[in-house]
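Given next are the chains, with one letter for each unit.
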Protein chains: 2
Amino acid sequence: MTGINVDNGIGIVTTKYAKFDVELRLESGRLLGPLTLAYETYGELNQDGSNVILVAHAWTGDAHAAGRHSEEDRRPGWWDNMIGPGKVLDTDRYCVICSNTIGSCKGSTGPTSINPSTNRPYRLTFPVLMVRDMVRAQKLLLDHLGVKSIVSIVGGSMGAMQAIEWAIHYPEMVRSIVPIAGTGRTSPMAISLNALARQAIFNDPLWKKGNYQLEHPPADGLALARAVGHISFLSDKSMQLKFERRFSIRDGMFDFFGKFEIERYLDYNGSNFVNLFDTNSFLYLAKALDLYDVAWDFDSLSEALDRVACPSLWFAFTSDWLYPPEQTEELVTELQRLDKTVDYHLIDSDYGHDSFLVEPDKYIPLLKEFLAQIDP
Amino acid sequence: MTGINVDNGIGIVTTKYAKFDVELRLESGRLLGPLTLAYETYGELNQDGSNVILVAHAWTGDAHAAGRHSEEDRRPGWWDNMIGPGKVLDTDRYCVICSNTIGSCKGSTGPTSINPSTNRPYRLTFPVLMVRDMVRAQKLLLDHLGVKSIVSIVGGSMGAMQAIEWAIHYPEMVRSIVPIAGTGRTSPMAISLNALARQAIFNDPLWKKGNYQLEHPPADGLALARAVGHISFLSDKSMQLKFERRFSIRDGMFDFFGKFEIERYLDYNGSNFVNLFDTNSFLYLAKALDLYDVAWDFDSLSEALDRVACPSLWFAFTSDWLYPPEQTEELVTELQRLDKTVDYHLIDSDYGHDSFLVEPDKYIPLLKEFLAQIDP
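Note that this is a predicted model, so its numbers are computed, not measured.

Some thoughts on the overall build of chain A
- Scanning chain A from N- to C-terminus turns up 11 helices and 14 strands.
- Projecting the C-alpha coordinates of chain A onto the three principal axes gives extents of approximately 65 × 50 × 50 Å.
- Out of the 376 residues in chain A, the part that is buried amounts to 63%.
- Long-range pairs, those at least 24 residues apart, make up 71% of the contacts in chain A with a sequence separation of at least 6.
- For chain A, the distance from the average site of its 35 positive side-chain charges to the average site of its 49 negative ones is 5 Å.

Next up, the structure:
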């Protein structure tokens, strides 16, 4: 990381790539390796490797959580408002690390990577992953960087799942976790929405069972799949606030192909997404989300959560219908029953699942207070 | 209607077809005609044509609301538990009429009908309809049958919309309405779900801008579109109750194409639907749902509802997230403000929008009491 400051932020950053000549045994029993992990770091690691905050990204996120990639870069990283000098994830104090998960297409090993045994891209020969596998790969990276103890793991949505898995599977290394807008296991409703997304892609003749040319992805299918996601990230109220029932001014109300503004929004974002994300990666990560169950391979939820040794801070959002607050509350209640140190806040927000990205100011003060207790 | 009784019900019934040599002026300004309306009647019309209950069907419904079409017919009409001798819509007392809406494919004029000006099926030359147009066509049928006064118009979902439109546009003819699981205007959330369904069909190469062969419909697209609908008719809770997170026993959990039971259910119902409904009709009715706004072409909601002259009974369901209770409550509140006779019940049910079909016993007693007051 170079030190040029832009916007009082952390300045220009570079994505780095760590390669591991390993064969990682996955939950499925299959082996995956060698592995590459894309990551970025913000702030300096202290001598005993104990000042790390690990930021875990959501479904279509990447390692670029903060700063800019060049002077001309107009968009900072996806959690830039959280990470930087003096910010809640304070880079004057912490070494913040964000790594792209395996299975993604943003620099870490995934379905677009070359399968060393065939010298061709994995595509659908890539193994089905669980979130637990992503965390296992992150552990390799943190060991490699000399991290001995993690102040906190903070993440929303799929990032929350990673935080929980870390606390359960590496309790000796984790001093706290902050799962935001998460769930302990995806509900059949969430699975059914991913099923729509999947089927939208499978229906696209360009998909070719995953053997599409990267220059000719199944754009219609992926755009529709992304639209499903967008709907689940929003809420009735946030759509009302943003679009009401306005009809596109470009269309006539009685045109068969005329569209409401909400439809144009979904189209626009869906089509843009095609240039930003690989279709097979999208499918593998959707599958990992669907398979997510904190109790998987344990006898019970209680047995899984009893492994958590650190304090945890949980945020859920009133209008989140993808991972509704009750799902976080189930975990919080069980942790309390197990006499763990746990703090939970239900944040009043109209922005659905996206609230954690749209209204961070509603939970940043609570997060700041929590971190001050963990690392006084 | 023949009088053979089966199952203490109304016995064997026949769908009838009324033809109208008219040109109906639609809300869009376009003309539609001649018109055919498919309908069924249960019970006898009294001499002064005043004992009619009109049952209005939902999106993919039809005129066959009760009874069986033959001795061998294993499935009775879609609201058979409501209609018959001694039932809440008592055919010993009332003449119950159900007509298929225009735009549908179940016998009334719709996109599969022959356009008389070209002698070929309308397909996408069919005009965009509003619910108000459906009601206008029903009015022709009721006049034709000699109906002078309607005891009540009862319907769920799109049927509720029709009931409301009847009360507003033919106040002199309607003695009561019972809108169930309805809305005064579809929300952007509901529109966005229909947008997914539409796009799923548009993406199917077999759709051919509506010019598919009827024997080769865009099956993949329509099945996916129907799956979107199914999800919106269910609820998080009803999916939990029925499917939990069970993985299909036919699949391995780590198979890329492995499915959860909820996915198999959506697949199965989506694929079945392809044999039951025409794709273009599905699209035209989705459009009518999206365009639905009780205040359309009025200065305000208040101006529209002020035309209602009859008592109304409203039911909404706690777990209905497609047309949530608040949307019914907005109408009820406005009717109360206007000093109309209005009764509203929020029914506690876990079955989402489908509650009105799944748990009728929760509102039948209230409906019975209401009808006894209207027609003592």
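Side note on the environment of E263 of chain B
- Within the secondary structure, E263 of chain B is located in helix α6 (residues 261-274).
- For the pair E263 of chain B and A227 of chain B, spaced 36 residues apart in sequence, the C-alpha to C-alpha distance is 9.1 Å.
- Once residues within four sequence positions are removed from consideration, E263 of chain B is found in contact with I191, A195 and R198 of chain A together with G258 of chain B.
- A polar side-chain atom of E263 of chain B sits 3.2 Å from a polar atom in the side chain of R198 of chain A.

Quick word on the packing of aromatic side chains
- A full pass over the atoms with the stated rule returns 39 aromatic pairs over all chains.
- Centre to centre, the rings of F247 of chain A and F260 of chain A are 4.7 Å apart; their planes meet at 70 degrees, and the pair counts as edge-to-face. Here F260 of chain A lies in the loop between α5 (236-243) and α6 (261-274) and F247 of chain A lies in the loop between α5 and α6, a separation of 13 residues in the sequence.
- What makes F260 of chain A buried here is its relative accessible area of 5%.
- Between F273 of chain B and F277 of chain B, the ring centres sit 5.5 Å apart and the planes meet at 10 degrees, which makes this aromatic pair stacked.
- Judged by its relative accessible area of 5%, F277 of chain B falls in the buried class.
- Linked through ring pairs, Y122, F126, F202, W207 and Y284 of chain A together with F256 and F257 of chain B together constitute an aromatic cluster.
- The lysine or arginine in question, R226 of chain A, covers the ring of F273 of chain A, its NZ or CZ lying 4.2 Å from the ring centre.
- The ring of Y212 of chain B has R123 of chain B lying over it, and the distance from NZ or CZ to the ring centre is 5.8 Å.

Concerning helix α7 (residues 279-291) of chain B
All names here are of chain B.
- Spanning 13 residues, α7 covers 19 Å between terminal C-alpha atoms, matching the ideal 18 Å at 1.5 Å per step.
- The buried fraction of α7 amounts to 13 of the 13 residues, a majority that puts the element mostly inside the structure.
- Two or three places before N280, at the start of α7, stands the capping residue D278, its side-chain oxygen 3.2 Å from that residue's backbone nitrogen.

Topic: the relation of the copies chain B and chain A
- Note on the identical chains: chain B maps onto chain A by a rotation of 180 degrees and an axial translation of 0.0 Å, with an RMSD of 0.0 Å. This pairing of chains is accounted for by a two-fold axis. Minimal C-alpha distance to the rotation axis in chain B is attained by A200 of chain B, lying at 3.3 Å.
- Comparing interface residues between copies, 100% of those in chain B also sit at the interface in chain A, which points to an isologous, same-surface contact.

So, the environment of T36 of chain A
Residue and element names in this part refer to chain A.
- Take T36: it is sitting in strand β4 (residues 35-42).
- C-alpha separation for the pair T36 and F233, spaced 197 residues apart in sequence, amounts to 30 Å.
- Once you skip the residues sitting within four places of it in the chain, T36 turns out to touch Y17, A18, K19, G107, S108 and T109.

Some remarks on α5 of chain A
Residues and elements named next belong to chain A.
- Restricting attention to buried positions, one finds in α5 the residues S238, M239 and F243. Considered in projection along α5, the buried side chains sweep an arc of 100 degrees and stay on one side of the axis.
- Just downstream of α5 lies E244, where phi reads positive at about 45 degrees.

With respect to the packing of helix α3 (residues 188-202) of chain A against helix α4 (residues 219-233) of chain A
Residues and elements named next belong to chain A.
- In contact at an axis separation of 7 Å, α3 and α4 are set at 165 degrees when each is read in the N-to-C sense. Relative to α4, the element α3 lies roughly antiparallel. Considering how the two elements wind past one another, α3 and α4 form a crossing that is right-handed. Residues L193, L196, A197, A200 and I201 of α3 touch α4, and the partners they reach there are G221, L222, L224, A225, V228 and S232.
- A breakdown of the residues in the contact of α3 with α4 according to their chemical character gives nine nonpolar, two polar and no charged.

Considerations on the side chain of N115 of chain B
Residue and element names in this part refer to chain B.
- Inspection of the secondary structure assignment puts N115 in strand β9 (residues 114-115).
- Assessed through its relative accessible area of 10%, N115 is described here as buried.
- Among the polar contacts listed, one links the side chain of N115 to the side chain of S117, at a separation of 2.9 Å.
- What N115 contacts, discounting residues up to four positions off in sequence, is R120, P121, Y122 and T125.

Quick notes on the sheet that holds strand β11 (residues 150-156) of chain A
Residues and elements named next belong to chain A.
- Strand order in the open sheet formed by eight strands is β1-β4-β8-β5-β11-β12-β13-β14, with mixed pairing between adjacent strands. Each edge of the sheet is formed by a strand with only one pairing partner; in this case those strands are β1 (16-20) and β14 (342-347). Direction aside, neighbouring strands of the sheet carry axes that sit 20 degrees apart on average.
- Two elements, β11 and strand β12 (residues 177-180), share four bridges in a ladder whose sense is parallel. Bridging from a neighbouring strand, I153 pairs with I177 of β12.
- The strands touched by helix α11 (residues 364-374) within the sheet are β5 (52-56), β11, β12, β13 (312-317) and β14, with β13 carrying the most contacts at an inclination of about 170 degrees.

Comments concerning the state of the cysteines
- One pass over the full model with this rule turns up zero disulfides over all chains.
- In this model C310 of chain A remains outside any disulfide bridge; the closest cysteine sulfur is found in C95 of chain A, 19 Å from its own.
- Residue classification places C310 of chain A among the buried positions, given a relative accessible area of 5%.
- Of the cysteine sulfurs around C98 of chain B, a residue in no disulfide, the closest is that of C95 of chain B, at 12 Å.

Reading guide: rules and limits
Residues numbered from 1 in each chain as written. Chains lettered and ligands numbered in written order. Predicted model: local features only at pLDDT ≥ 70, side-chain atom pairs only at ≥ 80, totals over all residues. Heavy atoms only, no water. Helix = DSSP H or I, 4+ residues; strand = E, 2+ residues; numbered from the N terminus. Buried < 20%, exposed > 50% of the residue type's maximum accessible area, 1.4 Å probe, protein only. Contact = heavy atoms within 4.5 Å. Lys, Arg positive; Asp, Glu negative; His and termini not counted. Charge placed at Lys NZ, Arg CZ, Asp CG, Glu CD. Polar contact = N/O pair within 3.5 Å; in protein donor to acceptor, adjacent residues only side chain to side chain. Phe/Tyr/Trp six-rings, centres within 6.5 Å; stacked < 30°, edge-to-face > 60°. Lys NZ or Arg CZ within 6 Å of the ring centre and 35° of its normal. Expected span 1.5 Å × (residues − 1). Least-squares fit on C-alpha atoms with pLDDT ≥ 70 in both. Arc of directions from axis to C-beta. Axes fitted to C-alpha atoms, helices over the stretch in contact; angles between N-to-C directions. Parallel < 35°, antiparallel > 145°, perpendicular 65-115°, else oblique. Left-handed = near helix turned anticlockwise from the far one by under 90°. Nonpolar A, V, L, I, M, F, W, Y, C, P; charged D, E, K, R; others polar. Pairing = 2+ DSSP bridges. Disulfide = S-S within 2.5 Å.

This is a description of form; function is not addressed.
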